[in-house]
Amino acid sequence: MKLTFWGAAQQVTGSMYLLELDEDYRILIDCGSDFESRNRRPELEDEKPFPTALFPFEASSVNLVLLTHAHIDHSGNIPNLYRDGFEGQILCTDSTFALASILLKDAAMLNQKRLNEFKNGNAKKGQNRGKKKDLPKDLYLEKQVKEALENFVPLAFNRRFRVADNCVVTFIHAGHLLGAAHIVVEVWENGIKKTIGFSGDIGRKGYPLLLDPGTLPPVDFLVCESTYGNRLHEKDIDPEAALADVIRRACVDIPGRLIIPSFSIGRTQALLFTLNKIYDNRNFPPIKVFADSPLALESSKVYQRNVRMLNREAREFNEENESLFDFENLIYLESTDASRAVSNHAEPCIIISSSGMVQGGRVEYHVAQNITNPYCTILMIGYCAEGTLGWRLLNGQSTLRIRGKEEKVLANIEKIDVFSGHGDRDDLVAFVQQQSPLHLKKVFLVHGEKSSMDAFKATLGSAGYQNIEIPEKGQSFEL
Ligand SMILES: [Zn+2]
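Because the structure is predicted, anything quoted here is derived from the model rather than measured.

Reading the values: the criteria
Residues numbered from 1 in each chain as written. Predicted model: local features only at pLDDT ≥ 70, side-chain atom pairs only at ≥ 80, totals over all residues. Heavy atoms only, no water. Helix = DSSP H or I, 4+ residues; strand = E, 2+ residues; numbered from the N terminus. Rg over C-alpha atoms; globule rule 2.2 N^0.38 Å. Buried < 20%, exposed > 50% of the residue type's maximum accessible area, 1.4 Å probe, protein only. Contact = heavy atoms within 4.5 Å. Expected span 1.5 Å × (residues − 1). Arc of directions from axis to C-beta. Donors = N, O, S within 2.8 Å, 3.2 Å for Na, K, Ca; no water. Tetrahedral: all angles 85-135°; square planar, octahedral: opposite > 155°, others 65-115°. Phe/Tyr/Trp six-rings, centres within 6.5 Å; stacked < 30°, edge-to-face > 60°. Core = buried A, V, L, I, M, F, W, Y, C linked by side-chain atoms within 4.5 Å.

Undergrad: Run through the overall build of the chain, naming residues and quoting values.
TA: For the chain, the helix and strand inventory stands at 15 helices and 22 strands. Computed over the C-alpha atoms, the radius of gyration of the chain is 22 Å, within 12% of the 23 Å expected from 2.2 N^0.38 for a compact globule of 479 residues. Structurally, the chain occupies a C-alpha span of about 70 × 60 × 40 Å along its principal axes. Looking at the 479 residues of the chain, the share that counts as buried comes to 58%. For the chain, contacts bridging at least 24 residues in sequence account for 74% of all contacts bridging at least 6.

The following block contains the structure:
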């Protein structure tokens, strides 16, 4: 069989690996949006809004997709696969199906908006809107999302499931996000069994709400993410205490407003649950919390519905309080008008808004409104890709170009990493060390910046793992 790395190869986003079995059966593992290539404009300028060749293989030749988790850099291109001729099914866990539905519908809605702007721009001559090159080539609409969602097949965790005569797959808890899985693929060819483990994104132990990542059985080949392959999280920090400290500084001592850029799905629920506990335990003044995202509300409902899939602390808290997230001072903001209006809220408050990297979305507006406000604190809580506004804030730039204006950064910038959903270098090493270096034939490092992969490879090398590849995009390996 052959494994080809079509995405997240020497970069973070766009996870997509094609496993071709000898019996002419092709499995695609993840089919995510590639934000890094999309940002490399010169290569990608395409004059057609709907090009036919998005995938470097025939979409119709793929038999099955296995989806590790709902994040858009793993799931975001699935509707395009159908658009381009794929007719198979998507296997994932139940919660991944629920969260992917929210994310893909939202992406289609945003695409529709961009398409409308493009059409309007063309209709109104002389306006500098709607340039074709500004439309991404992976743009899909509601119809493709609907078709994709009709073909999702939810599977339980830890159950071996036969997908072909010679192939069995198993989904194992990966932490990271509700529903997220490591996937183990067992293949029998010429009387020999070979096993491949796909890490998906690896979570961390003790993360709010989520179960700890599970353990893989022995595998022959391991495809391992390496986002934090060269970094360590601060150890032994209690999320509740860390967040309460920041709130005290930002909203009580200054006192001002606290803006927390956060992805609506997953990280926002971890924040809201932690806030709920803070308000429950710590005699806090009634500072309002605005969860500024319709997606956050929908995903909170999915978490609430799937409380049995969460960790013990969350289940017990829910039992006692009859809810994970509802507390008196929490207000979800659904409409754009409500979101804009919150900028005029005079009292100290907390605004949680997406996206986490401060790239587009409602949070960009809040940050633009408050970047010159010394009474405002912006709390960064996760990884930001190079070049994003979040990355610039984290780098301590004294000025910031935002929404077309160069602004002085007068707001206070803080960061904590307890809410990052990715395991750090030690967690990644521990994941690989579940496998004996004597049995493991090869490790493929994916889903990381090259510098992180190089460092992680060196670390694994000194731990006794010698056969480590850092595949380039399009590189194939016979397994
Ligand atoms: Zn992820």
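Undergrad: Could you give an account of helix H15 (residues 450-462), with specific residues and numbers?
TA: Spanning 13 residues, H15 covers 19 Å between terminal C-alpha atoms, matching the ideal 18 Å at 1.5 Å per step. When H15 is considered as a whole, its buried residues turn out to be Ser452, Met453, Phe456 and Leu460. Take H15 and look down its axis: the buried residues cluster within an arc of 95 degrees, on one side only. Structurally, H15 contributes buried residues whose contacts are with strand E11 (221-225), helix H14 (425-432), strand E20 (442-446) and strand E21 (468-469). Gly464 occupies a position one or two residues after H15 and carries a positive phi of about 100 degrees.

Undergrad: Please give an account of the coordination of the zinc ion that cites residues and values.
TA: For the zinc ion, the full set of protein donor atoms is His69 (NE2), His71 (ND1), His176 (NE2) and Asp201 (OD), and the range of their distances to it is 2.2 to 2.3 Å. Coordination at the zinc ion comes from four donor atoms whose angles at the metal span 91 to 170 degrees, giving a geometry best classed as irregular. Every donor residue of the zinc ion comes from the same chain, spaced as H-x1-H-x104-H-x24-D. Residue His71 is found in the loop between strand E4 (64-66) and helix H3 (72-75), and its partner His176 is found in the loop between strand E8 (167-173) and strand E9 (181-189); the two are separated by 105 residues along the sequence.

Undergrad: Run through the packing of aromatic side chains, naming residues and quoting values.
TA: Evaluated as defined, the whole model comprises 14 aromatic pairs. Aromatic side chains Phe97 and Phe152 sit 5.3 Å apart centroid to centroid with 25 degrees between the ring planes, which places their arrangement in the stacked category. On the criterion of sequence distance, the pair formed by Phe97 in helix H5 (residues 94-123) and Phe152 in strand E6 (residues 152-155) is long-range, its members being 55 residues apart. With a relative accessible area of 22%, Phe97 lands in the partly exposed category.

Undergrad: Can you explain the nonpolar core? Please cite residues and give values.
TA: Grouped together as the largest cluster of nonpolar side chains are 81 residues, with contacts concentrated most on Phe152, Ile247, Leu275 and Ile350. Apart from the residues lying within four places of it in its own chain, the contact partners of Ile350 are Ile247, Cys251, Leu258, Ile260, Leu275, Tyr279, Ile287, Lys288, Val289 and Phe290. Leu3, Leu19, Phe171 and Leu479 belong to the second largest nonpolar core, which has 33 residues in total.

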